[in-house]
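Observations on chain architecture
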Amino acid sequence: MTLLPAKFGIYGGQFVPETLMPALIELEEAFVSAQNDAAFQEEFNRLMASFVGRPTPLTYAKRLSEKLGGAQIYLKREDLAHTGAHKINNALGQALLVKRMGKRRIVAETGAGQHGVASATAAALLGLECVVYMGVVDIARQEPNVFRMKLLGAEVQPVTSGTQTLKDAINEAIRDWVTNVRDTHYLLGSALGPHPYPTIVREFQSVIGTEAREQVMMEVGHLPDTVIACVGGGSNAIGIFSGFVKDDGVELIGVEAGGNGIASGKHAARFGDPSKARVGVIHGTRTYVLQDEDGQIAETHSVSAGLDYAAVGPEHAMMRDNERAFYTSATDEEALDAFQTLCHTEGIIPALESSHAVAEVIKRAPTMRKDQVILVNLSGRGDKDLNTVIKEMRI
Amino acid sequence: MNRIESAFANKPIFMPYFPLGYPDLDTSIDVIEALAKNGADLIEVGLSFSDPLADGPVIQRATQIALEKGITVRKSLAAVAELRRRGVTVPLILMGYFNPMLAYGLEKFVCDAREAGADGFIIPDLPLEEAGEFESALSGATQQGSEVEAQANGVNRPSTTLRSAQDGELPLIQMLAPTSPNERMEAIARNAKGFIYLVSVTGVTGARASISDGLGDLIARVREHASVPVCVGFGIGTPEQAKQVGALADGVIVGSACVKTIGENPNPVEAAKEFARSFRNAMR
């Protein structure tokens, strides 16, 4: 029925109200035709280079590697992309699709604010109206990004329903979309939601993996042994994994938010807590979902707003089942330690989201040989998190 | 003739929505009984979900309260059975989101719903593309149901339970929207069972100031392909609007206005009686 496969194994699909189905079909058509349109690709690549600043560098983390005493660690520097995170890759790609579809308005959800800022930026660049939905809990903990969005001309709509975080921001964005679908595009920021979003987001983020693979080959002359990325919805992870998914020898590791620890129940580890995570349907897709016995979506917790979400992208669910990728988690505390370690050893302030990936590097690198290579996706920079970090660390 | 077909004997029909568990479980059962006995021809019985993305603020709030008060799928099905015990004979269609049904187990959900006396299902996040799995559960449950029935009776004699009012499998009611293109409308309408739920506006549930101008044309487009009655919902809030829409459609669905009027009244059961009568009278 669909032009592209709507499912990843048993996961994915299109669980949305009928009102939105024609918009999903239209979006898929626009995406497929854009993929086959050299002019679109050229425009996208031009903006990636001249506006986003791609390719982002690959940085050898010399002092961190020495400190940990094992594998050599390389950082894919998405924190150096314009707006400070990988989110801009997808936001610009989708905004170009919006122009192609002749729509004039975008709505977006945001947790950490990075996708909201990226969407507001893409909207400003391409002359689109932009409304960003953000839970009031997240507005409080990611204040700098709220100002950035406003400065960029976007309207930030505080969301007070439900748990007042990312999940509820997505609900409100979808409600706006269903109401204004004729002239509005929902610029979904993660590899989530109904088909074709998980595929579109992966494709626009695959630039991370494509670049990183070439860069590692140039720099060390062989593939990395392990690729590590944090996983909220999973867009930065799927982006970097996509460059290595066919390289069977490369181990792919996703790191979820362990919050206060799995046993505490306060976390966002969809793969890490069999007592709360079951395959279910939320926000248009079938995937692993943290929920209670009655199928009500569970509250999640993470120090990092961008990982604080009850479901994971459907392609990750498939990759977990077929064991192409492995998933683990890092607690708030581990992420905050990793944050500080990277600041001190490398002079890089990472986003709290990315700090979860770094936390896994800290656990894993010492167990590896010195001739082995870990590639970690440093998906964003940490300026937005300073308030949280100052509070948590009592600096 | 099953309960849904009987309900459409006198058109247009009045179809209110009310969520079980709001403002509390006992009151919601009383309210639904009052609606049924005062003019509702069919009732959409709401199952609550934490993330009701097709619903506006009124239903969001009501279902949130229902969840806070401890409503579950199991309790909701027991409430449906209780309504049948109280002699409620109108069709009761369960309206809810997919995940709680999945969590309950689709086959078991369909079986237990049927056993409780439900007549069909409306699942707003289950478009045609994803309906297959639920449809399989429905046909599975029908077979299972008739086996249980045959065993219980020893011989192939019709059961005397309320369930015998049902003929064949319960319908999954399909929804159509103003954005549905013609070919899609045709594909959905052609296979529709029970009735078609036509969403009158692009948007979430909730009363609107007026009925959209293009509604007559929209209904006409659906009727071209439909062999079952066409009911209109979303945005209808007053008896006058219901009368207007009732002149065009086979049925009128009233959700948010019903929940708001009844939920805000200190005496919800009396409010329900009054609400049902006022709509019923306006639509005659």
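Scroll up for the structure.
Not measured: the values here are computed from a predicted model.

Re the pattern of salt bridges
Residue and element names in this part refer to chain A. The tally for this structure, following the rule as stated, stands at 46 salt bridges over all chains. Here D37 makes a salt bridge to R100, at a shortest N to O gap of 3.0 Å. Residue D37 is located in the loop between α1 (21–35) and α2 (38–50), and its partner R100 is located in helix α4 (residues 87–101); the two are separated by 63 residues in the primary sequence. For D37, a relative accessible area of 23% gives the class partly exposed.

Observations concerning the environment of L166 of chain A
Residues and elements named next belong to chain A. Mapped onto the secondary structure, L166 falls in helix α8 (residues 166–180). Of the residues examined, L166 reaches a relative accessible area of 11% and is grouped as buried. Along the backbone, L166 and A6 are 160 residues apart, and their C-alpha atoms lie at a distance of 24 Å. L166 has contacts with E109, T110, G111, D138, D308 and Y309, leaving out every residue within four places of it along the chain.

Remarks on the packing of α1 of chain A against α4 of chain A
All names here are of chain A. Contact pair α1 / α4: the axes reach a minimum separation of 10 Å and the direction vectors enclose 105 degrees. When the axes of α1 and α4 are compared, the pair comes out roughly perpendicular. On α4, the residues that touch E26, L27, A30, F31, S33 and A34 of α1 are L97, R100 and M101. Residue composition of the contact of α1 with α4, grouped by class: 6 nonpolar, 1 polar and 2 charged.

Points about the interface of chain B and chain A
Taken together, the 38 residues of chain B in the interface contact 35 residues of chain A. Summed over both partners, the interface of chain B with chain A buries about 2900 Å², with 52% contributed by carbon and sulfur atoms. Three residues, D51, L53 and E130 of chain B, lead the burial of chain B against chain A; their summed loss comes to 22% of the area buried on that side. Across the chain B-chain A interface, the total number found is 4 salt bridges. In this structure, the salt-bridge partner of K167 of chain A is D51 of chain B, at a minimum N-O distance of 2.8 Å. Taken together, chain B and chain A are joined by 20 residue pairs in polar contact (both at pLDDT 80 or more). At the level of secondary structure, the elements contributing two or more residues to the side of chain B that touches chain A comprise α3 (57–68), α5 (98–104), β5 (172–176) and α8 (182–190) of chain B. Examining the composition of the side of chain B that touches chain A, we find that 5 residues originate from one element, α5 of chain B, more than from any other. Class assignment of the residues belonging to the side of chain B that touches chain A gives a composition of 22 nonpolar, 9 polar and 7 charged.

Section: the sheet that holds strand β6 (residues 196–199) of chain B
Residues and elements named next belong to chain B. As summarised here, the arrangement of the 8 strands in space is β1-β2-β3-β4-β5-β6-β7-β8, forming a closed barrel in which the pairing is parallel. Neighbour-to-neighbour, the strand axes of this sheet turn through a mean angle of 30 degrees, independent of strand direction. In this sheet, strand β4 (residues 120–122) lies alongside strand β3 (residues 92–95) in parallel orientation, the contact comprising 3 bridges. Residue pairing in the sheet places I93 in a bridge with G120 of β4. Docked against the sheet, α8 engages β5 and β6, running at close to 165 degrees with respect to β5. Taken strand by strand, helix α12 (residues 268–283) contacts β1 (13–19) and β8 (251–254), and its axis lies near 155 degrees from that of β1.

Some words on the packing of aromatic side chains
Across all of its chains, the model carries 20 aromatic pairs over all chains by this definition. Plain terms: the ring middles of W177 of chain A and Y197 of chain A are 6.1 Å apart, the flat faces sit at 75 degrees to each other, and that makes the pair edge-to-face. Of this pair, W177 of chain A sits in helix α8 while Y197 of chain A sits in helix α9 (residues 197–220); the two residues are 20 residues apart in sequence, bridging distant segments of the chain. Taken individually, W177 of chain A and Y197 of chain A each receive the classification buried, so the pair is uniform in this respect. On the basis of an interplanar angle of 75 degrees and a centroid distance of 5.2 Å, the ring pair of F121 of chain B and F134 of chain B is categorised as edge-to-face. Of this pair, F121 of chain B sits in strand β4 while F134 of chain B sits in helix α7 (residues 132–153), and the two are 13 residues apart along the sequence. The exposure class of F134 of chain B is buried, given its relative accessible area of 0%.

Topic: the side chain of N89 of chain A
All names here are of chain A. In this structure, N89 sits in helix α4. When its relative accessible area of 0% is taken as the criterion, N89 is described as buried. Polar contacts involving the side chain of N89 include one to the side chain of R54, which spans 2.9 Å. Setting aside residues no more than four positions away along its own chain, N89 makes contact with F44, M48, V52, R54, E78, F204, Q205, V207 and I208.

Side note on the packing of helix α2 (residues 25–37) of chain B against helix α4 (residues 73–85) of chain B
Residues and elements named next belong to chain B. Look at α2 against α4: their axes get within 10 Å of each other, and the N-to-C directions meet at 40 degrees. Viewed along their axes, α2 and α4 adopt a mutual orientation that is oblique. Seen along the crossing, α2 lies across α4 with a hand that is right-handed. Here L25, I29, I32 and E33 of α2 lie close against α4, whose contacting residues are K75, A79, E82 and L83. Residue classes in the contact of α2 with α4 are distributed as 5 nonpolar, no polar and 3 charged.

The rules behind each value
- Residues numbered from 1 in each chain as written.
- Chains lettered and ligands numbered in written order.
- Predicted model: local features only at pLDDT ≥ 70, side-chain atom pairs only at ≥ 80, totals over all residues.
- Heavy atoms only, no water.
- Salt bridge = Lys/Arg side-chain N within 4 Å of Asp/Glu carboxyl O.
- Helix = DSSP H or I, 4+ residues; strand = E, 2+ residues; numbered from the N terminus.
- Buried < 20%, exposed > 50% of the residue type's maximum accessible area, 1.4 Å probe, protein only.
- Contact = heavy atoms within 4.5 Å.
- Axes fitted to C-alpha atoms, helices over the stretch in contact; angles between N-to-C directions.
- Parallel < 35°, antiparallel > 145°, perpendicular 65-115°, else oblique.
- Nonpolar A, V, L, I, M, F, W, Y, C, P; charged D, E, K, R; others polar.
- Buried area = accessible area lost by both parts, 1.4 Å probe.
- Polar contact = N/O pair within 3.5 Å; in protein donor to acceptor, adjacent residues only side chain to side chain.
- Pairing = 2+ DSSP bridges.
- Phe/Tyr/Trp six-rings, centres within 6.5 Å; stacked < 30°, edge-to-face > 60°.
- Left-handed = near helix turned anticlockwise from the far one by under 90°.

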